[in-house]
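# Descriptive analysis of the structure
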Amino acid sequence: MTERRRDGVLREAEMGPVVPSAERLARGPVVIVECVENIPCNPCVAACPKGAIAIRGDINDTPVVDFETCDGCRVCISACPGLAIFAVDATGDPALVSIPYEFRPLPETGEIVTTLDREGAESGEGKVVRVLSAKALDRTPIVTIEVPKNLAMRVRHFRRKPDRGGTS
Amino acid sequence: MRIREHPILEFERGREVEFDFDGRRLCGHEGETIAAALHASGVRVLRKSIRHGRPRGFFCAIGRCSSCLMTVDGVPNVMTCVTPLRRGMKVETQTGKGTLAAEAKGAGSIAGDGSGSDLGTVPLAIVGAGPAGLSAAVYAGRLGVESVVVDENEVPGGQLIKQTHMFFGSLEHYARVRGVDIGTQLCRELEKCPSKLLTGTTVLGLYTDDPPWKTLSLMKNGVRGELRARTVVLATGASENMLAFENCDLPGVYGAGAVQTLMNVYGVAPGERVLMVGAGNIGLIVGYQLLQAAVDVAAVIDAMDEIGGYHVHAAKIRRMGVPILTSHTILSAGGTDRVERATISRVDSDWQPVEGTERTIDVDTICLAVGLTPNCELASMAGCDDEYVPELGGLVSAHDADLETSVPGVFIAGDASGIEEASTAMLEGRLAGLAAVERLEVEVDREKLLAMKEEAASGLSELRAGPFGDRPRLGKERMLALAASRGGDR
Amino acid sequence: MKEDVVICRCEDITYGEIVDAVRGGLTTTEEIKRILRCGMGPCQGRTCSRLIVRIISQETGVPVAEVRFPVVRPPSRPVEIGVMAAGGPPDGNPSGGEYDAD
C-alpha cells in the first residue's frame, strides 16, 4: 500500500506520467492532471478543446495528457469532478499556478495569500493575478496565483489572510 | 449558525416566523424542519431519553431514528427532523414517552368510513424519488408506461438534493453535473412522463397476497389510502449506520446524511468544529462540504488502515490542511448536554485501540460516516427472500440480474439493492423500470426495450469495472449466485 | 466497550444489558426484542439492529451473516391510532383530495 492510500497525499514518486519534463515546463503553460487512481470518470477528455487528454482503455483508466498538444488553456480545470486538475506556467519566475477554488468569498486580484502544498502545509506567499468565475465554469472558479518558480509543482491550494476573510 | 454565503448553493428560505420553545420565543423559517430551526437557534437537546433521562439531539434527520421526538402543539413523539415549522408552533422538550394531553388531537381525523381509501390501480408503482426511483419512472415513461412515484419527503430527489459536488462517471450519464442539479434534471424529465409523483407520502406497508396485484398502504397528512400496482420498484435507499462508543447518543453526534441535510438543504451549520468518522467517499465528501460551509474539520479518522474513498476526494481536504488519520477510532464523546470533545486513539491490525495513543480533541460535532444499510423493510414485508451480503452493505433482498426479487413483479434498485454510488443507482433504477415494463407484458416496442435494458446493464458493468467497483461487483455476483440457487429450490 | 453505552436509543437499552441478556440465553434478535424491547420503539430497530446482531455474534461466536435480523412488519413508520381507525380519504376519490399530485 502506498503512503497516499494511508494519508491522502500524492508524492512525487507516485506522480510519474502526471508531470511533464522540465524542458516542457520551461516551454509554456501546461495542465497537471493529478488523477492517479482507476476510478470511473471521463469528463476531462471531452472538455479539452485540443483533444489533448485521453483515457485509453475503459472509463476506469487514468487520463493521459499529451503535453505536446496541451497548451495549458485551463478549460479542463473546472470540468474535473475531483478538482484534480491544475495548470502551471513555469516559463518565468515567479511561475503561475491555476487552482480550482470552490469557496467564498473569492480572493481579489492583487491579493496576497498564503500558499499551501498537498498536505495543507504553508509554503509561503503568493499573489492572486487572475480570478475566473464565468457562468460556464459552473461554480468552480479558477484562481491563478504567482508563486516562486521552485514551488510551482508544490503549491496546490491557498488560504486567504485572516484580515481578508480567511481563517487562521 | 445560518450559512449566509455558499459557493454552490443558494438557500431559498421561507418567511421568518416566530415559534415557542419551552416558553422561549424563537425565530425560524417557515417550511424548514422544526429541528433545523432549533439547531439554527443553538438548541441541541430535543428530548430526554425514556429510562435514563439522557439528553438527545437529532441523529438521522430523515425521520428514521427516534432521537428528535418532541412534543409539538401538545402532541408527543413528533419527529421534528421531518416536520415543517409553522408560525406559532408550541415546541417542547420531551421527557420520557411524553404525555398525551386530553385536548390534543392527532394529525388525522376519524372522518372516513373506511371504504374511501381506494387510490385505484397503476401498472407500475415506485417507492422512493431518489436517483434510482426517478430513473425507473423516467425510463418506463419513455416507453409509455404509467407510474406512480411515492416519496415520504416533501422534495423529490432523495439524497441528490444534498450533493454539491460534480458527479463522476461517464459524460453520457450525468458526470460533471452536480448532484443537486441532477435531481432537478430528473424531476424535469419526469414531468414529461405519464407519471404521478406523490411527495410527503409514506408507504406503511406492501402486501402481495393477491397476485399479480401488489397493494401499497400509503399515508399522507395523516390520511391513509391503498394503491394497487401490477409491478413495484423499491428504490428506498439506505439508512446511516450507527457506531457504538461512549456517549455516542450525546447531542452533536450526527449521521453524515443529517449533517448534509442541515447544511445543504436548510443552510444551517452543524457546528463550528467537526470530527469526521469514516474516510470513505461519504466522509471525505461531507468533510469537504463542511469546509465549503466555513465549518472547521479537525480531522477525518477511519479504523481501516487505508482511505476507503477516492484519492481525489481525500486530496481536496488534505491540501486545505485537514489531517486524515487511518488506523484510528473514536473511543468516546465528552460533554454534559452536547459534544464538547472527542477522544480518539490508534487501532492495531485487529482494530483494537492501542493503549497510550489516546488523544482528546476539542470539537462540538462528531459526524459519523461509517457506512449505510440497504432499506429492505418493504421488500421484507412483501415476503421477498433476503441474503446477507457484506459487500452490498448487509441484509439485501435477493434479486436477479434484472433486479427482480423472489416475488415476481417486485423489483429493487439503487442503494436498497446494495450500497453503491448515485451513478450506479440511476442505472439500476433505469434497468429495474425497464424490466418492470417487460414483466407487465404491455404492448411496447420490444426491440427498443431490450436495447435500452442492454444499455443500462452495460453502463453498470462499465462503472463497476475499476478497483473501486470490485466490492459491489463481487457482491452482485454473489447475490446472483445465491438467488439462482434459491430459484432452483423453488 | 463500556457497559453503559446506549445501544438502543428508543428504549434506552445499554450494551451491558444486551450482553447480559445474550449470556443469559437470549441469543436471537427476536428474543432480545421481546424481553428488552430493542426494535420495538419508534425507530423499529433501524438504529440498533446491526449493533445487536454484532453483539450476539461476538458473544456466541455465530457469524454475523447467520444471525437473523428481526422480522419486519407493517406499519413501516409510527402511525397514530386515529389514522389507522379512520381509513382512507373521506371522499373515496382515487385521484382526489389530499392525494392529488397535480
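Up top is the structure.
Residues numbered from 1 in each chain as written. Chains lettered and ligands numbered in written order. Predicted model: local features only at pLDDT ≥ 70, side-chain atom pairs only at ≥ 80, totals over all residues. Heavy atoms only, no water.

Before going further, it helps to examine the overall build of chain C. Counting its regular elements, chain C contains four helices and two strands. When the elements of chain C are put in sequence order from the N terminus, they spell out β-β-α-α-α-α. For chain C, the proportion of its 102 residues judged to be buried stands at 49%. Counting contacts in chain C only where the partners sit at least 6 residues apart, residues at least 24 apart contribute 48% of the total. Here chain C displays about 4,900 Å² of accessible surface, and carbon together with sulfur accounts for 52% of that area. (Helix = DSSP H or I, 4+ residues; strand = E, 2+ residues; numbered from the N terminus. Buried < 20%, exposed > 50% of the residue type's maximum accessible area, 1.4 Å probe, protein only. Contact = heavy atoms within 4.5 Å. Areas by Shrake-Rupley, 256 points an atom, 1.4 Å probe, with all protein chains shown as cover.)

This next bit is on the interface of chain A and chain B. The partner chain B presents 40 residues to the 47 residues of chain A that form the contact. Carbon and sulfur atoms supply 54% of the area buried between chain A and chain B, which totals about 3,700 Å² over both sides. Looking at the side of chain A facing chain B, the largest losses of area belong to Arg5, Phe103 and Arg139 of chain A, adding up to 17% of the total buried there. Here Arg178 of chain B makes a salt bridge to Glu102 of chain A, at a shortest N to O gap of 3.2 Å. Connecting chain A to chain B are 21 residue pairs in polar contact (both at pLDDT 80 or more). Elements with a contribution of two residues or more to the side of chain A that touches chain B: helix 1 (3–7), helix 4 (43–47) and strand 9 (157–159) of chain A. (Buried area = accessible area lost by both parts, 1.4 Å probe. Salt bridge = Lys/Arg side-chain N within 4 Å of Asp/Glu carboxyl O. Polar contact = N/O pair within 3.5 Å; in protein donor to acceptor, adjacent residues only side chain to side chain.)

Next up on the list: helix 4 (residues 256–265) of chain B. Burial within helix 4 of chain B is extensive, with nine of its 10 residues counted as buried. Within helix 4 of chain B, the full set of buried residues consists of Ala256, Gly257, Ala258, Val259, Gln260, Thr261, Leu262, Met263 and Asn264 of chain B.

Residues lying three or four places apart along an α-helix face the same way, a consequence of the helix completing one turn every 3.6 residues. All names here are of chain C. What helix 1 (residues 15–23) keeps buried is the set Tyr15, Gly16, Ile18, Val19, Ala21 and Val22. Of the surrounding elements, those touching the buried residues of helix 1 are strand 1 (6–8), strand 2 (13–14), helix 2 (29–36) and helix 3 (49–60). Just downstream of helix 1, Gly25 is the residue with a positive phi angle, here 110°.

Right, let's get into the pattern of salt bridges. Taken as a whole and judged by the stated rule, the model has 51 salt bridges over all chains. Between Arg224 of chain B and Glu226 of chain B there is a salt bridge, with its nearest N and O atoms 3.4 Å apart. Across the pair Asp386 of chain B and Arg68 of chain C runs a salt bridge, and its minimum N-O distance is 3.1 Å. Taken together, the residues span two chains, with Asp386 of chain B in strand 25 (residues 386–389) and Arg68 of chain C in the loop between helix 3 and helix 4 (81–86). Of the residues examined, Arg68 of chain C reaches a relative accessible area of 52% and is grouped as exposed. Residues joined by salt bridges that share partners form a network here, namely Arg4, Arg5, Glu14 and Glu37 of chain A together with Glu306 of chain B.

This part takes up the sheet that holds strand 4 (residues 55–56) of chain B. Residues and elements named next belong to chain B. Strand order across the open sheet formed by three strands is 4-3-8, with mixed pairing between neighbours. The open sheet has two free edges, formed respectively by strand 4 and strand 8 (94–95), since each of these has just one partner strand. Relative to strand 8, strand 3 (residues 47–48) runs parallel, the two sharing two bridges. Paired with Lys48 across the bridge in strand 8 is Thr95. (Pairing = 2+ DSSP bridges.)

A few words on the nonpolar core. Core analysis: the biggest nonpolar cluster contains 108 residues, and Ile145 of chain A together with Phe19, Leu38, Phe58, Leu290 and Val300 of chain B have the highest contact counts within it. Per-element tally for this core: the top contributor is helix 1 (residues 34–40) of chain B, with six residues. If we skip the residues at most four places from it in the chain, Phe19 of chain B touches Arg24, Arg25, Leu26, Cys27, Gly28, Ala37, Leu38, Leu85, Arg86, Gly88, Met89 and Val91 of chain B. Ile301, Ile344 and Leu395 of chain B together with Ile32 of chain C belong to the second largest nonpolar core, which has 50 residues in total. (Core = buried A, V, L, I, M, F, W, Y, C linked by side-chain atoms within 4.5 Å.)

This paragraph deals with the sheet that holds strand 7 (residues 90–92) of chain B. All names here are of chain B. The five strands lie next to each other as 2-1-7-5-6, forming an open sheet whose pairing is mixed. In this open sheet, the two edge strands, each paired with only one partner strand, are strand 2 (24–29) and strand 6 (75–79). Taken pair by pair, the neighbouring strands of this sheet meet at an average axis angle of 40°, ignoring direction. (Axes fitted to C-alpha atoms, helices over the stretch in contact; angles between N-to-C directions.)

Take unusual backbone geometry next. The linkage connecting Pro211 of chain B with the following residue, Pro212 of chain B, adopts the cis geometry, with an omega of 5°. Take Pro212 of chain B: it is sitting in the loop between strand 12 (201–210) and strand 13 (213–220). With a phi close to 45°, Asp138 of chain A is a non-glycine residue in the positive phi region. Locating Asp138 of chain A in the fold gives a position in the loop between strand 7 (122–132) and strand 8 (142–147). Asp138 of chain A gets classed as partly exposed once you look at its relative accessible area, which sits at 24%. The phi angle at Arg176 of chain B is positive, at roughly 80°, despite the residue not being glycine.

Under the defined criterion, the tally for this structure stands at six aromatic pairs over all chains. A centroid spacing of 5.6 Å and a plane angle of 75° characterise the contact between Phe103 of chain A and Tyr288 of chain B, whose relative ring orientation is edge-to-face. Within this pair, whereas Phe103 of chain A is found in the loop between strand 5 (95–100) and strand 6 (112–116), its partner Tyr288 of chain B is found in helix 5 (residues 281–292), the two belonging to separate chains. Residue class for Phe103 of chain A comes out buried when judged on its relative accessible area of 6%. (Phe/Tyr/Trp six-rings, centres within 6.5 Å; stacked < 30°, edge-to-face > 60°.)

Moving on: the environment of Val274 of chain B. Here Val274 of chain B lies in strand 17 (residues 273–277). In the structure, Val274 of chain B is positioned 89 residues away from Val363 of chain B in sequence and 5.5 Å away in space, judged by C-alpha atoms.

Further remarks concern the packing of helix 2 (residues 131–142) of chain B against helix 8 (residues 422–440) of chain B. To describe two helices that pack against each other, one gives the angle between their axes and the distance between the axes. Residues and elements named next belong to chain B. With their axes 7 Å apart at the nearest point, helix 2 and helix 8 run at an angle of 40° to one another. When the axis of helix 2 is compared with that of helix 8, the two are oblique. The interaxial crossing formed by helix 2 with helix 8 has right-handed handedness. When helix 2 is examined against helix 8, the residues Pro131, Ala132, Ser135, Ala136, Tyr139 and Ala140 are found in contact with a partner set consisting of Ala422, Ala425, Met426, Gly429, Arg430, Gly433, Leu434 and Val437. (Parallel < 35°, antiparallel > 145°, perpendicular 65-115°, else oblique. Left-handed = near helix turned anticlockwise from the far one by under 90°.)

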